[in-house]
Amino acid sequence: MHELLYVIVMPAAMGVLTLFFPKKARLPAGLIALISSAWMFVKTIQLFGHGGAMPPLTYAKTVFTMGDVFQFDFALKLTSFNAFVLLFIALFGVLIILYSIGYWFRDRATPGIYYSYILWTLAGAACAVLSDNLLLLLVCWEILTLLLYLLVNMGGEGSETAAQKCFTILGFSDAAMFLGVIVIWMVYGTLSISALTISTGTTTGVIAFLLLFVGAIAKAGAMPLHSWVPACLLYT
């Protein structure tokens, strides 16, 4: 398996495993999730050392094509910047799961589902950060939105309302991001991030930038698309 795939496939596979742990198996499920996230962190440290390598570490596999019109590649690329971001994704994953092990000793729902969601979130975030294809980035972005909705929905009384608000705002912003990707493909004829050079001195460039920007700041919980964050904190 390619080096870049490990940090995606490993947490995703372990998430499937913890999904089948019963409610009483809180500690084993937590330990598996913790070991998986710690392994991912160690792997990201290794990748961080290759972040500035020339040529950069890449992986690409064609998923499907539509004649000569469209081609979707599962393309990943490691750079100094995304290696740094990936490192902190894994670090925060370890800290979250470490805290969660104590939290889930309370009388809560099946913890295995929670750990699955967290591990899948780590896998989705890693894929989004390493993506070298805008469509792949968008797919990972949507997976993260769905997982965030499911995690919020696991909270206490009123969490359903918070989850719906979260999904509505992020769904709107993700739609804006989708439109931005369409604009880029129609104008520039490619979805490869490495191949793109978009000028903000043109109208289409500005439109594409603003649409992608809306999708990014909403997921980050930045103003003015931040209201879903306090709603989630109130009920989880």
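Quick caveat, the model's predicted, so the values are computed rather than measured.

1. Points about the pattern of salt bridges
Any two side chains of opposite charge can pair, so long as their charged atoms come close to each other.
Step number 1: Using the criterion set out here, one finds 1 salt bridge in the structure.
Step number 2: Measuring nitrogen to oxygen at the nearest pair gives 3.0 Å for the salt bridge that ties Glu3 to Lys43. Note that Glu3 is positioned in helix 1 (residues 3-18) and Lys43 in helix 2 (residues 26-48), a separation of 40 residues in sequence.
Step number 3: The class for Lys43 is buried, based on a relative accessible area of 11%.

2. Considering helix 5 (residues 134-152)
Step number 1: For helix 5, which comprises 19 residues, the first-to-last C-alpha distance of 27 Å matches the rise-based estimate of 27 Å (1.5 Å per residue) to within 8%.
Step number 2: Those residues of helix 5 not exposed but buried are Leu134, Leu135, Leu136, Leu137, Leu138, Cys140, Trp141, Leu144, Thr145, Leu147, Leu151 and Val152.
Step number 3: Sitting at the amino-terminal end of helix 5 is Asn133, which places a side-chain oxygen 2.9 Å from the backbone nitrogen of Leu135.

3. Re helix 3 (residues 80-103)
Step number 1: Between its first and last C-alpha, helix 3 extends 35 Å over 24 residues, near the 34 Å set by a 1.5 Å rise per residue.
Step number 2: Where the residues of helix 3 are buried, they touch helix 1, helix 2, strand 2 (70-77) and helix 4 (111-130).

4. Quick word on the nonpolar core
Step number 1: Judged by nonpolar contacts, the single largest core of 49 residues is most densely connected at Val7, Leu76, Ile97, Tyr115, Leu130 and Leu134.
Step number 2: Mapped onto this core, the elements with two or more residues apiece are helix 1, helix 2, strand 2, helix 3, helix 4, helix 5 and helix 6 (159-188).
Step number 3: Residue contributions to this core peak at 11 residues, all from helix 4.

5. Some words on the environment of Phe209
Step number 1: Looking at the secondary structure, you find Phe209 in helix 7 (residues 203-220).
Step number 2: Between the C-alpha atoms of Phe209 and Gly180, which are 29 residues apart in sequence, the distance is 7.2 Å.

Scoring rules and cut-offs
Residues numbered from 1 in each chain as written. Predicted model: local features only at pLDDT ≥ 70, side-chain atom pairs only at ≥ 80, totals over all residues. Heavy atoms only, no water. Salt bridge = Lys/Arg side-chain N within 4 Å of Asp/Glu carboxyl O. Helix = DSSP H or I, 4+ residues; strand = E, 2+ residues; numbered from the N terminus. Buried < 20%, exposed > 50% of the residue type's maximum accessible area, 1.4 Å probe, protein only. Expected span 1.5 Å × (residues − 1). Polar contact = N/O pair within 3.5 Å; in protein donor to acceptor, adjacent residues only side chain to side chain. Contact = heavy atoms within 4.5 Å. Core = buried A, V, L, I, M, F, W, Y, C linked by side-chain atoms within 4.5 Å.

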